[in-house]
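Residue-level structure breakdown
Residue strings, one per chain:
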Amino acid sequence: MRKTIIHPWTKEWEVAYNQEQRLLKELLKDELVDIFHIGSTSVPAIGYAKPIIDILIVVKEIEKVDRYNESFRKVGYEPKGENGITGRRYFPKGKENRTHHVHIYQVGNEHIRTHLDFKMYLIAHPEDAKAYGELKLVLARQFPEDHHMYQEGKQEFVNELVERAGSWRANR
């Protein structure tokens, strides 16, 4: 079982994203529409995160992504298919010591907007971002050996933030 390790936010995460996005842009160049740094490592005000870079990639046709599985393997990613989310292709890197999570969706998929709204909401609302970071710290201390319980513990708060983010975007 993966351990829950939380680190203080660092600019190195942006550097790591920039390096990886260049690699991924080249790998998916024929299908790529856009690429974004998402998740807690992309929002400094959160203050704390697991040191895993989440990357959102938007492609023209999701089915064509499967043709790139071997190319992803060659650069250290493990193709996981939809991995529980219809219309997504998911690629973690780093096995038990994960360094990156790549989430790929086809243009128009609702999850793209949800991820981007979540990030922009937290950037615009640093008090909520800070509360999220503090919750991460508490849960990581409570469940250092149980990543599943850590994830479960923050899910209600994340759902609330996703709802706030959607309302915030709709009212802007």
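As a starting point, this report considers the structure included with it. In this convention, every chain numbers its residues from 1, walking through the sequence in written order. The model is predicted, so local features are restricted to residues of pLDDT at least 70 and side-chain atom pairs to those at 80 or more, both for listing and for counting; the totals for chains, interfaces and linings are taken over all residues. With hydrogens and water excluded, all non-hydrogen atoms of the structure serve as input to the side-chain values.

1. Quick look at the layout of surface pockets
Using the following cut-off: With a 1 Å grid spanning the protein atoms alone, the term cavity applies to any set of points in which a 1.4 Å probe fits but cannot get out, the term pocket to an open set with protein on both sides within 12 Å along at least five of seven lines, and the term lining residue to any residue with an atom within 4 Å of a point. Grid points are joined across faces, edges and corners, and a volume is the space filled by probe spheres set on the points. A run of DSSP states H or I qualifies as a helix once it reaches four residues; a run of E qualifies as a strand once it reaches two. Both are numbered from the N-terminal end. Three residue categories are used. Nonpolar comprises Ala, Val, Leu, Ile, Met, Phe, Trp, Tyr, Cys and Pro, charged comprises Asp, Glu, Lys and Arg, and polar comprises the others, including Gly.
Taken as a whole, the largest pocket encloses approximately 890 Å³ of empty space. Taken together, 31 residues line the largest pocket, and the ones lying closest to its centre are D54, H103, H115, Q151 and K154. Looking at the lining of the largest pocket, the elements with two or more residues in it are β5 (88-93), β6 (100-106), α4 (110-124), α5 (126-142) and α6 (147-170). It is α6 that provides the largest number of residues to the lining of the largest pocket, a total of seven residues. Its residues assigned to classes, the lining of the largest pocket shows ten nonpolar, 13 polar and eight charged.

2. Side note on the packing of aromatic side chains
The following threshold applies: Think of it this way: a Phe, Tyr or Trp ring, Trp meaning its six-membered ring, pairs with another when their centres are within 6.5 Å, and the plane angle makes it stacked under 30 degrees, edge-to-face over 60, tilted otherwise. Here's how the labels work: a residue is buried when its accessible area is under 20% of the maximum for its type, exposed when over 50%, partly exposed in between, all with a 1.4 Å probe on protein chains only.
Under the defined criterion, the tally for this structure stands at six aromatic pairs. Here F72 and F91 contribute two aromatic rings whose centre-to-centre distance is 3.9 Å and whose plane-to-plane angle is 15°, an arrangement assigned as stacked. Of the two residues, F72 is situated in helix α3 (residues 69-74) and F91 in strand β5; the sequence distance between them amounts to 19 residues. For the pair shown, F72 and F91 are each scored as buried. Put simply, the rings of F72, Y77 and F91 pair up and form one aromatic cluster.

3. Regarding the nonpolar core
Note the following rule: Nonpolar cores are built from buried Ala, Val, Leu, Ile, Met, Phe, Trp, Tyr and Cys residues. Side-chain atoms within 4.5 Å join them into one set. The criterion used for residue contact is that any of the two residues' heavy atoms lie within 4.5 Å.
By size, the foremost hydrophobic cluster in this structure holds 20 residues, and its most contacted members are L24, L28, I55, I57, F72, V102 and I104. Mapped onto this core, the elements with two or more residues apiece are α1 (12-27), β2 (32-38), β4 (53-59), α2 (62-65) and β6. With near-sequence residues (within four places) excluded, I104 lies in contact with L28, I57, V59, I62, V65, F72, G87, R88, R89 and F91. The next biggest cluster of nonpolar side chains, apart from the first, holds eleven residues, and it includes I46, Y121, F157 and L161.

4. Quick word on the environment of F118
Mapping F118 onto the fold places it in helix α4. Look past the residues within four positions of F118 in its chain and what remains in contact with it is Y132, V158, L161, V162 and A165.

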